[in-house]
Amino acid sequence: MRRSIFCLIAVTMLSIAVAGESAERPAALMLKDMQGKKATLRDLRGKIVVLNFWATWCGPCNAEMPMLVSAANSYDTQRVAFVGASVDAPETQNKIAEYVSKLGIAYPIWVGATDDDMKRLRLGNSVPCTAFLDADGIVRARILGQMRPGEIQERVDWLLRDRAGNAPSANIKHLDEN
């Protein structure tokens, strides 16, 4: 009898653990593109997504943007989508088009992102920050603060290999600890 109860408890605990692992849900975000059309993460399912939150007024964002543009260009023939989500307030959104043109950003830019959007994706409330989503839309890695060379490629390549091999650090924080 005790053995049966022990087995039942063990099976129940295992079931709960497995259910917890599968409880990961695809990230949700709905904004507008620069033409004012609805843009969602759901539309990008099937692709690996590099979702970068930034602003025209953000110095570290300006410093990392050329790295993002270069990475996006290097993955343009693969199943990888780069998206820039601007957190510019309505009064600075008129600077976005010039910024995009000046830096040669060819990937989609979404506008109207908020601190709440970043918090829902567990990215904090400071820009820049970047989420790396697998083809199912699940966030698999995050970088808070300005990325360092190689960090994009390390995460994208791992996701392209269907998460085979050594996993890169899932959460990197390059923000000041003040």
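Cut-offs and rules
Residues numbered from 1 in each chain as written. Predicted model: local features only at pLDDT ≥ 70, side-chain atom pairs only at ≥ 80, totals over all residues. Heavy atoms only, no water. Core = buried A, V, L, I, M, F, W, Y, C linked by side-chain atoms within 4.5 Å. Buried < 20%, exposed > 50% of the residue type's maximum accessible area, 1.4 Å probe, protein only. Helix = DSSP H or I, 4+ residues; strand = E, 2+ residues; numbered from the N terminus. Contact = heavy atoms within 4.5 Å. Salt bridge = Lys/Arg side-chain N within 4 Å of Asp/Glu carboxyl O.

### A look at the nonpolar core
- Membership of the largest hydrophobic core comes to 56 residues, with the highest contact counts inside it found for Leu-41, Leu-51, Phe-53, Phe-82, Tyr-107, Phe-132 and Ile-152.
- At the level of secondary structure, the elements contributing two or more residues to this core comprise strand 3 (48-54), helix 2 (59-74), strand 4 (80-86), helix 3 (96-103), strand 5 (109-111), strand 6 (129-133), strand 7 (139-144) and helix 5 (151-160).
- Among the elements that make up this core, the one with the highest residue count is helix 2 (7 residues).
- When near neighbours in sequence (up to four residues on either side) are disregarded, Leu-51 contacts Leu-29, Leu-41, Val-83, Ala-85, Leu-121, Cys-129, Thr-130, Ala-131 and Leu-133.

### A short note on the pattern of salt bridges
- The final tally for this structure, using the stated rule, is 6 salt bridges.
- With a shortest N-O distance of 2.8 Å, Arg-140 and Asp-134 are connected by a salt bridge. In this structure, Arg-140 and Asp-134 share a single accessibility class: buried.
- The closest approach of N and O atoms between Glu-154 and Arg-155, which form a salt bridge, is 2.9 Å.
- A residue is classified by how much of its surface remains accessible, and Glu-154, at 42% relative accessible area, is partly exposed.
- Residues participating in the shared-partner salt-bridge network are Glu-24, Asp-134, Arg-140 and Arg-163.

### What to know about unusual backbone geometry
- Note that the residue after Val-127, namely Pro-128, is joined by a cis bond; omega there is 0°.
- Inspection of the secondary structure puts Pro-128 in the loop between helix 4 (115-120) and strand 6.
- Although it is not a glycine, Asp-162 sits at a positive phi angle of roughly 55°.
- Relative to the helices and strands, Asp-162 is located in the loop between helix 5 and strand 8 (171-173).
- Classification of Asp-162 by relative accessible area gives exposed; the value is 61%.

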